Amino acid sequence: MDRQLLILSTFCYLAAVVRTIVALRAHTFQQSRFNFFAIAAGFILQSAFLYLRGHAEHRCPLTNLFEVFIFLAWSVALIYMLVGPAYRLSLMGAFTAPLVVILQVFALLAPIDVPHAAKMPADPWLEFHASISMIAYGAFALACIAGAMYLVQDRQLKTHQIRSIFYHLPPLSDLFAAITRLLWLGFILYTLGLASGFFVGGPLPRLQIICAVGVWILYGAILQGRYSRWFAPRRIAALCIFGFAAALTLLWGITFSAQIH
Amino acid sequence: MNLFCVGLSHHTANVETREIFSANREADCVLRDAGCAEALVLTTCNRVEVYGASQNPVATPDVARCLSRKIDIDHSAFYRHENADCVQHLFRVASGLDSMVVGETEVLGQAKKAYESARACGSAGPFLHRLFQRAFRAAKEVRSQTEITRGAVSVGSVAVDLAAKIFGDLSRCKVLVVGAGENAERTARALSSRGVVDLRVSNRSPERARDLAANVGGTAVPFEDWPEQFRKIDILITSTSAEAPLLTPAQFESTLRERIDRPLFVIDIGVPRNVDPRVNEMNGVYLYDIDSLQSVAEQARATRLQHIAAAEKIIAEHVASFEETLARGLEWRARNIAHPQMRIAEQGS
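These numbers come from a predicted model, not from an experiment. (Residues numbered from 1 in each chain as written. Chains lettered and ligands numbered in written order. Predicted model: local features only at pLDDT ≥ 70, side-chain atom pairs only at ≥ 80, totals over all residues. Heavy atoms only, no water.)

### Quick word on unusual backbone geometry
Phase 1 of the analysis: A cis amide bond links B:Val271 with the next residue in sequence, B:Pro272, at an omega value of 0 degrees.
Phase 2 of the analysis: With respect to the helices and strands, the residue B:Pro272 is situated in the loop between strand E9 (264-268) and strand E10 (285-289).
Phase 3 of the analysis: Residues other than glycine seldom take positive phi values, yet A:His160 does so here, at roughly 65 degrees.
Phase 4 of the analysis: Its identity is not glycine, yet A:Arg229 carries a phi of approximately 60 degrees, on the positive side.
Phase 5 of the analysis: Within the secondary structure layout, A:Arg229 lies in the loop between helix H7 (206-227) and helix H8 (233-260).
Phase 6 of the analysis: Owing to a relative accessible area of 42%, A:Arg229 belongs among the partly exposed residues under this scheme. (Helix = DSSP H or I, 4+ residues; strand = E, 2+ residues; numbered from the N terminus. Buried < 20%, exposed > 50% of the residue type's maximum accessible area, 1.4 Å probe, protein only.)

Following this line, the structure appears as structure tokens:
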């Protein structure tokens, strides 16, 4: 039942992706609420899945790689719905939906939905630590998406090749402001998650701590670079993409080490 | 009832001829008095057209006479469209397909204004109401479902569009114009019309700088001071006749280090170019010379032309649907006039 909810949710996100691709190819892309509602429907179904999983496991559903990916996809959609309309980044939904589809399709197809062998007793600090860190990842994912949008727009302006998508993307200054806010949001949430990890009952694996601190330092350095004017906006946009790819790899490491622990 | 359109436009008449016929603002009311059941006059810079509905044919010279107060007029430049052709013509006009700049949207606003004015003086009745409402719908659909209106097609508006895509809100942008050429003035005016308030002008001739500053609502800056001003601005427009580039990457480097998080948009309209093209490779600098601005305008023009066929298809569908609705309405009216008892029976049931 819960996997079916997830499949339905993936179809909702896929509808947003297909609609955007078809509209962009036909040069008829219009700002509409379709993407937002499709993502909202997908989000509700994801929430239902996470609720059922959490109910069955009597804890926050972050016990294996499969659940981590779904929670991450849910966090991306959550942050999009919180910040997307506020920043009026009309195409952000079009960029968000493919990321969520990739995460969910991978989670559904890969044989990673393996129950955690060592059942640890539920620890509210551990659950808070894991869930808030995942929501922070959602903000970093959105910063990565805004970074990709920035680079697309920047490239068109630099090469003087103005394509249809140029008129739908927000101005560079708005995108840079969105990147900065998303980086701050993610960094604050991640710091909270990291700090709460020290209150967890049992000792956490060393690799997990190193990876988590590594992600924190990486994003801290990007923010420091932004305010100390070490990096130009284009470099920061590229770093958001690199940072998220690195954070995702480290997340894999963290989850893997937690599973074998 | 016959629908007709009589008029002249940039396709058939020069501006002197169009001027003669664009003066009579109450022509729609005059036409109604002259025997048209309904009449509406659409006047823009490029066209003067009368849309009418009448039981009996109204001759083109009679319409032309209503548009001009002159007695001896030449009406050879007038064209005439009737019924389906008239409907198609109006839909094309409202959608900007018949405009000098294909896809311009101003004409739709002018058509709406003309309709409101005709309605206010009572010369637009149910036929023209339906016709114009459908024209507005068709134009809206063409605008939303094709890219016929996408992108700017003049150098000045391209520069403004690009600036808006870099900075968003232009009211906070600081602009420096170096040189006082005609193109620089046009671009500065275009920026000013989109909300730029901080405009500085610098020129070798202080008088010319003051004149241009006064014309565009800016302030004149001594020519020796412009390199200092350059550090504080967001948009630089250069249009001098200098033989060698005024700005090279080396000159940009120190400035860019101070403003690493703020982009710089450089519009180089000078020929020969005033800014070294290598500047465009620098982080945060977007350099457009006259050729690249024209190339963006050309891309927009080409996009618009590519979408003409799609727009014509939408219009054809609307024309067919309008014809059908009109025929049904006329049939119903004829039936009720010929057999009033049927109408009573229909109302009774």
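So, next bit.
### So, the interface of chain B and chain A
Phase 1 of the analysis: Tallying the contact residues gives 29 residues for chain B and 32 residues for chain A.
Phase 2 of the analysis: Summed over the three residues of chain B that lose the most area to chain A, namely B:Lys165, B:Ile260 and B:Tyr286, the buried surface amounts to 27% of that side.
Phase 3 of the analysis: The interface formed by chain B and chain A includes two salt bridges.
Phase 4 of the analysis: The partner of B:Asp261 in a salt bridge is A:Arg229, and the shortest N-O contact between them spans 3.8 Å.
Phase 5 of the analysis: Across the contact surface, chain B and chain A share 15 residue pairs in polar contact (both at pLDDT 80 or more). (Contact = heavy atoms within 4.5 Å. Buried area = accessible area lost by both parts, 1.4 Å probe. Salt bridge = Lys/Arg side-chain N within 4 Å of Asp/Glu carboxyl O. Polar contact = N/O pair within 3.5 Å; in protein donor to acceptor, adjacent residues only side chain to side chain.)

### Description of the pattern of salt bridges
Residue and element names in this part refer to chain B.
Phase 1 of the analysis: Following the criterion strictly, the structure yields 24 salt bridges over all chains and no others.
Phase 2 of the analysis: A salt bridge links Glu 82 to Arg 80, with the nearest nitrogen and oxygen atoms 2.7 Å apart.
Phase 3 of the analysis: Notably, a salt bridge pairs Arg 186 with Glu 182, separated by 2.5 Å at the nearest N-O pair. In this pair, Arg 186 and Glu 182 are both assigned in helix H8 (residues 182-193), four residues apart and thus about one turn of the helix distant.
Phase 4 of the analysis: When its relative accessible area of 46% is taken as the criterion, Arg 186 is described as partly exposed.
Phase 5 of the analysis: Shared partners join several salt bridges into a network, and the residues in it are Arg 47, Glu 49, Arg 92, Asp 98 and Glu 312.

### Examining the pairing of strand E5 (residues 174-178) of chain B
Along any regular strand the residues' side chains alternate between the sheet's two faces.
Residues and elements named next belong to chain B.
Phase 1 of the analysis: Most of E5 is tucked away: four of the five residues are buried.
Phase 2 of the analysis: Note that E5 and strand E6 (residues 198-202) share five bridges and pair parallel. Across the sheet, Val 177 pairs through a bridge with Val 201, a residue of E6.
Phase 3 of the analysis: Of the crossover connections in this fold, the one passing from E5 over H8 to the parallel E6 is right-handed. (Pairing = 2+ DSSP bridges. Right-handed = clockwise from strand over helix to strand, strands pointing away.)

### Some thoughts on the environment of B:Gly125
Phase 1 of the analysis: Relative to the elements of secondary structure, B:Gly125 occurs in the loop between helix H5 (106-120) and helix H6 (126-145).
Phase 2 of the analysis: C-alpha separation for the pair B:Gly125 and B:Leu40, spaced 85 residues apart in sequence, amounts to 9.7 Å.

### Observations regarding the confidence of the model for chain A
Phase 1 of the analysis: Across chain A, the average pLDDT comes to 85, with 90% of residues at or above 70.
Phase 2 of the analysis: For chain A, per-element mean pLDDT is lowest for helix H3 (residues 65-87) of chain A, which scores 83, and highest for helix H6 (residues 172-197) of chain A, which scores 92. (pLDDT = per-residue confidence, 0-100.)

### As for the packing of H5(B) against H6(B)
Residue and element names in this part refer to chain B.
Phase 1 of the analysis: Taken N-terminus to C-terminus, the directions of H5 and H6 make an angle of 165 degrees; their axes are 11 Å apart at the nearest point. With respect to each other, H5 and H6 are oriented roughly antiparallel. As H5 runs across H6, the sense of the crossing is left-handed. Here H5 contributes Leu 108, Ala 111, Lys 112 and Tyr 115 to the contact with H6, which in turn contributes Leu 128, His 129, Phe 132, Gln 133, Phe 136, Ala 139 and Arg 143.
Phase 2 of the analysis: Among the residues making up the contact of H5 with H6, the classes are represented as seven nonpolar, two polar and two charged. (Axes fitted to C-alpha atoms, helices over the stretch in contact; angles between N-to-C directions. Parallel < 35°, antiparallel > 145°, perpendicular 65-115°, else oblique. Left-handed = near helix turned anticlockwise from the far one by under 90°. Nonpolar A, V, L, I, M, F, W, Y, C, P; charged D, E, K, R; others polar.)

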